[in-house]
Amino acid sequence: MLNKILVSVDGSPLSLRALEFAMEMGKANGSEIIVLHVTVPLDLSRLHSYEMDAIDESIQEAILKNEFDKKELSASEQRKAGEWALAMSEKKVAALGGYDKISYKEVIHDEPAKTIIREAGVNRVDAIVIGYSGLGVLSKAIIGSVSSKVVANATCPVVIVR
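Here the structure is a predicted model, which is why all the values come from computation and not from measurement.

### Observations regarding the sheet that holds strand β1 (residues 4–8)
Here is step 1 of the chain: With parallel pairing, five strands are arranged side by side in an open sheet as β3-β2-β1-β4-β5. For this open sheet the edge positions go to β3 (102–108) and β5 (158–161), each flanked by a neighbour on one side alone. The sheet shows a mean angle of 20 degrees between the axes of neighbouring strands, direction not considered.
Here is step 2 of the chain: Across five bridges, the pairing between β1 and strand β2 (residues 32–39) is parallel. Bridge pairing in β2 places isoleucine 5 opposite isoleucine 33.

Structural data, given as structure tokens:
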């Protein structure tokens, strides 16, 4: 039985689809859902340009122009980016009619896959749901994807949503 499901989100449409899948799976089992966003310090490369109204205009411009790696962000700006991803998740949950047993958590760490796996263990979840982020063949060979690392190292079942 799936008592707890952890779903990792970054605010992208694919991660929100993973959240929707987790909600469908959770409703069928009466599961508690933990929505997790891992903020990578000073790295907005994982953040997408979808509905960024919660982030300062200067940060939005940097993300849209792919100049975020050149812009030093304060801790406050990093926090806003993480809050934005969780706000998009809350919007998705509300749009789907809500969910009774759901919590939201942000963790700041430079290794998202390890953080997702650690949070799954700490919270004793029965499954992890994560979106598949399509990297190119070369990038995947060199660094691997977060979802691949989670699948390879998690101690519970992992569902990858495409």
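### Some details on helix α4 (residues 112–122)
Here is step 1 of the chain: Turning to α4, its buried residues number three or more, namely Pro112, Ala113, Thr115, Ile116, Glu119 and Ala120. For α4, the buried positions fall inside an angular range of 165 degrees around the axis, keeping them on one side. Facing away from the buried side of α4 by over 90 degrees, the exposed positions are Lys114 and Val122.
Here is step 2 of the chain: Count one or two residues on from α4 and you reach arginine 124, which has phi positive near 50 degrees.

### Describing the pattern of salt bridges
When charged atoms on two side chains of opposite charge get close, those side chains can pair.
Here is step 1 of the chain: For the structure on display, the rule yields four salt bridges.
Here is step 2 of the chain: One salt bridge connects lysine 105 with glutamate 119, and the closest N-O pair in it is separated by 2.7 Å. You can see lysine 105 sitting in strand β3 and its partner glutamate 119 sitting in helix α4, a full 14 residues away along the chain.
Here is step 3 of the chain: Exposure remark for glutamate 119: the relative accessible area of 5% places this residue in the buried category.
Here is step 4 of the chain: Residues glutamate 119 and arginine 118 are paired through a salt bridge, measuring 3.6 Å at the closest nitrogen-oxygen approach.
Here is step 5 of the chain: Salt bridges sharing partners connect three or more residues here, namely Lys105, Arg118 and Glu119.

### Re the confidence of the model for the protein
Here is step 1 of the chain: Looking at the protein as a whole, the pLDDT averages 80, with 69% of positions reaching at least 70.
Here is step 2 of the chain: Mean pLDDT values for the elements of the protein range from 48 in helix α5 (residues 137–143) up to 97 in β1.
Here is step 3 of the chain: Low pLDDT (under 50) marks residues 43–54, which in the prediction has 35 contacts with non-local residues, meaning those over four places away or in another chain.
Here is step 4 of the chain: Note on residues 63–71: pLDDT under 50 across the span, and 16 contacts to partners over four residues away in sequence or across chains.

### With respect to the packing of aromatic side chains
Here is step 1 of the chain: Summed over all chains, the structure comprises zero aromatic pairs.
Here is step 2 of the chain: The cationic tip of arginine 162 hangs over the ring face of tyrosine 132; the distance from NZ or CZ to the ring centre is 4.3 Å.

### Regarding the environment of leucine 16
Here is step 1 of the chain: Tracing the backbone through its elements, the reader meets leucine 16 in helix α1 (residues 13–29).
Here is step 2 of the chain: A relative accessible area of 13% means that leucine 16 is categorised as buried.
Here is step 3 of the chain: For the pair leucine 16 and glycine 131, spaced 115 residues apart in sequence, the C-alpha separation works out to 8.1 Å.
Here is step 4 of the chain: Residues within four places of leucine 16 in sequence aside, it is in contact with Gly11, Met88, Ser89 and Lys92.

Cut-offs applied
Residues numbered from 1 in each chain as written. Predicted model: local features only at pLDDT ≥ 70, side-chain atom pairs only at ≥ 80, totals over all residues. Heavy atoms only, no water. Pairing = 2+ DSSP bridges. Helix = DSSP H or I, 4+ residues; strand = E, 2+ residues; numbered from the N terminus. Axes fitted to C-alpha atoms, helices over the stretch in contact; angles between N-to-C directions. Buried < 20%, exposed > 50% of the residue type's maximum accessible area, 1.4 Å probe, protein only. Arc of directions from axis to C-beta. Salt bridge = Lys/Arg side-chain N within 4 Å of Asp/Glu carboxyl O. pLDDT = per-residue confidence, 0-100. Contact = heavy atoms within 4.5 Å. Phe/Tyr/Trp six-rings, centres within 6.5 Å; stacked < 30°, edge-to-face > 60°. Lys NZ or Arg CZ within 6 Å of the ring centre and 35° of its normal.

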